[in-house]
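Structural description and commentary
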Amino acid sequence: MRKIALIWFASFAALFMAKAQSPPVITSANNFAVGDISILHTAVSTGINPGPSGANMIWDFSNLKSVTPPDSIFEKYLSSASTLYSKYFPNAEIAVESGDTTVYNFYNFYKLNNNAIEYYGEVLDQSFDTLKVIFTKPEIFYSYPITYNSTQQTDYSVISYSPTGDPSDYANGIVTTNADGYGSLKIMGKTFRNVLRIHDVKNEKDSIPKQAKSSFLEDIWYYLTPGKKDPILQIFIYHNQYATDTGVTYNIDNFVTDSNFVNDIFLFPNPANEKCTLSFTSNIAEKIEISITDQLGQVISTIQNQIILKGKNLIELNIAGLGKGLYFVTITTNGNNYTEKLVID
């Protein structure tokens, strides 16, 4: 009887050890680099709850749904020096560009290294004015390596500037970071089993007593897994003296670092007249530009900020106004061009 009990105990212990996970470790291998693209999709935030903290958790967001119509945040990672604003952020190395580039550009400036992610500020470049937020003491997102029960508290100082370039607001903040859980994350039909959750609490207050009080408290939960640059899930809860807002973004696909995002390009019918269809596959969902040029290299027409999906895409092109001859249809994305010949008969 004792032998049977020992065998049962050993089997149970082996099963338990197989199910239990070791805490994942997030390192600078998760950092983005120049040339990368980040894509985060917006989800419905109603009733969202980050879930409990602890070891070997199962966070179940199976019912999470995308907003309607779909909305995604596309971010391009550039060198800070390639922007017009690097002089305001001399210590930054990376600029993250987002926004509708036909209306405005939004840039965030970072320094990413083996030890930490440092945030130096942002610029909103609109057609009618430019707004800058500059951190005189950078905000430290988190220091590497980070694993379960890792904690840190850092402070920062920031100045906001008006469109005229004058300082309009001074503030100080404290960020408390706690890797408060690890385990499995269920989301939209997928399960990620090596997930570390990081909880940031940011408390910012005006630093000049004469200013109108505009303090806020922000909670952010990041669900990360080693080697995947985009967070699988982010939950934001923002509180100020007027309201509380909640936001949710997600990315359940593996990040693609291969620069060859677009494949299997062809046009049909070809030769064509009036209309033809551009067919291709994409490794990721993103925004692209489509242009048609003639044999002299003159751009005849352009489609900007065309949203495409991961997988196969079919885009109808109106070519009714083009004369007979040879043309070139070009897809531009992430600094790369993909071109197919089109004959109009």
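Residues numbered from 1 in each chain as written. Predicted model: local features only at pLDDT ≥ 70, side-chain atom pairs only at ≥ 80, totals over all residues. Heavy atoms only, no water.

With that settled, consider the overall build of the chain. Tallying secondary structure elements over the chain gives one helix and 19 strands in all. The buried share of the chain, taken over its 345 residues, is 44%. Sequence-distant contacts, at least 24 apart, represent 55% of the contacts inside the chain between residues at least 6 apart. (Helix = DSSP H or I, 4+ residues; strand = E, 2+ residues; numbered from the N terminus. Buried < 20%, exposed > 50% of the residue type's maximum accessible area, 1.4 Å probe, protein only. Contact = heavy atoms within 4.5 Å.)

This part covers a nonpolar patch on the surface. Taken together, Phe266, Phe268 and Leu314 make up a surface patch of nonpolar side chains, about 290 Å² in accessible area. Locating Phe266 in the fold gives a position in strand S14 (residues 262-282). (Patch = residues over 30% accessible without salt bridge, like charges linked within 9 Å, V, L, I, M, F, W, Y side chains within 5 Å. Areas by Shrake-Rupley, 256 points an atom, 1.4 Å probe, with all protein chains shown as cover. Salt bridge = Lys/Arg side-chain N within 4 Å of Asp/Glu carboxyl O.)

Now for the packing of aromatic side chains. Enumeration according to the criterion identifies 16 aromatic pairs in this entry. Taking 5.0 Å as the distance between ring centres and 40° as the angle between the ring planes, the aromatic pair formed by Tyr110 and Tyr119 counts as tilted. Comparing Tyr110 with Tyr119, the two get one shared label, buried. Aromatic side chains Phe135 and Tyr156 sit 5.3 Å apart centroid to centroid with 45° between the ring planes, which places their arrangement in the tilted category. (Phe/Tyr/Trp six-rings, centres within 6.5 Å; stacked < 30°, edge-to-face > 60°.)

The next thing to look at is the nonpolar core. With 26 residues, the main nonpolar core has Tyr110, Ile117, Tyr142, Ile146, Leu196 and Ile198 as its most contacted residues. Every element with two or more residues in this core is listed here: strand S4 (94-98), strand S5 (104-112), strand S6 (116-126), strand S7 (130-143), strand S8 (151-161), strand S9 (167-187), strand S10 (190-206) and strand S11 (216-224). Among all residues touching Ile198, those that are not within four sequence positions of it are Tyr142, Ile146, Thr177, Asn178, Ala179, Ile220, Trp221, Tyr222 and Leu224. The next biggest cluster of nonpolar side chains, apart from the first, holds 21 residues, and it includes Val262, Cys276, Phe280 and Ile344. (Core = buried A, V, L, I, M, F, W, Y, C linked by side-chain atoms within 4.5 Å.)

Examined bridge by bridge, strand S15 (residues 286-293) and strand S16 (residues 299-308) share seven bridges and lie antiparallel to one another. Opposite Ile290, over in S16, you have Ile303 as the bridge partner. Counted between consecutive antiparallel strands, the loop separating S15 from S16 contains five residues, among which Gly297 sits at a positive phi close to 85°. (Pairing = 2+ DSSP bridges.)

Now for the side chain of Asn30. Topologically, Asn30 is positioned in the loop between helix H1 (2-19) and strand S1 (37-43). Judged by its relative accessible area of 9%, Asn30 is buried. Of note is the side chain of Asn30, whose polar atom sits 3.2 Å from the backbone oxygen of Thr225. Each residue touching Asn30, except ones within four places of it in the same chain, is listed here: Thr225, Pro226, Gly227, Lys228 and Lys229. (Polar contact = N/O pair within 3.5 Å; in protein donor to acceptor, adjacent residues only side chain to side chain.)

Moving on, we come to the pattern of salt bridges. The final tally for this structure, using the stated rule, is six salt bridges. Residues joined by salt bridges that share partners form a network here, namely Glu139, Lys202 and Glu218.

Looking now at the confidence of the model for the chain. Averaged over every residue, the pLDDT of the chain is 85; residues scoring 70 or more account for 88%. Under a pLDDT of 50 for its full length, residues 1-19 has, in the predicted model, one contact with residues more than four places off or in other chains. Here residues 255-259 scores under 50 on pLDDT; set against residues more than four positions off or in separate chains, the count is twelve contacts. (pLDDT = per-residue confidence, 0-100.)

In this section: unusual backbone geometry. The general pattern is negative phi for most residues beyond glycine and trans for most peptide bonds. With an omega of -5°, the peptide bond between Thr68 and Pro69 qualifies as cis. As for its position among the elements, Pro69 is in the loop between strand S2 (54-61) and strand S3 (72-79). Phe268 connects to Pro269 through a cis peptide bond whose omega is -10°. Checked against the element boundaries, Pro269 lands in strand S14. Of note, Asn56 is a non-glycine position whose phi angle comes to about 50°, a positive value. The topology assignment puts Asn56 in strand S2. Given a relative accessible area of 35%, Asn56 falls into the partly exposed group. The backbone of Glu274 sits at a positive phi, close to 70°, despite the residue not being glycine. Tracing the sequence through the fold places Glu274 in strand S14. Using a relative accessible area of 53% as the deciding quantity, one classes Glu274 as exposed.

With that settled, consider the environment of Tyr327. You can see Tyr327 is positioned in strand S18 (residues 325-333). What makes Tyr327 buried here is its relative accessible area of 10%. For Tyr327 and Val299, which are 28 residues apart along the polypeptide, the C-alpha to C-alpha distance reads 9.8 Å. Not counting the four nearest positions on each side in its chain, Tyr327 is found in contact with Ile292, Thr293, Asp294, Ile300, Leu322, Glu340, Lys341, Leu342 and Ile344. A polar contact of 2.9 Å, which involves the side chain of Tyr327, links it to the backbone oxygen of Gly323.

Let us now look at the environment of Leu314. Relative to the helices and strands, Leu314 resides in strand S17 (residues 311-319). For the pair Leu314 and Ser279, spaced 35 residues apart in the sequence, the C-alpha separation amounts to 4.7 Å. When residues no more than four places from it in sequence are discounted, the contact partners of Leu314 are Phe268, Thr277, Leu278 and Ser279.

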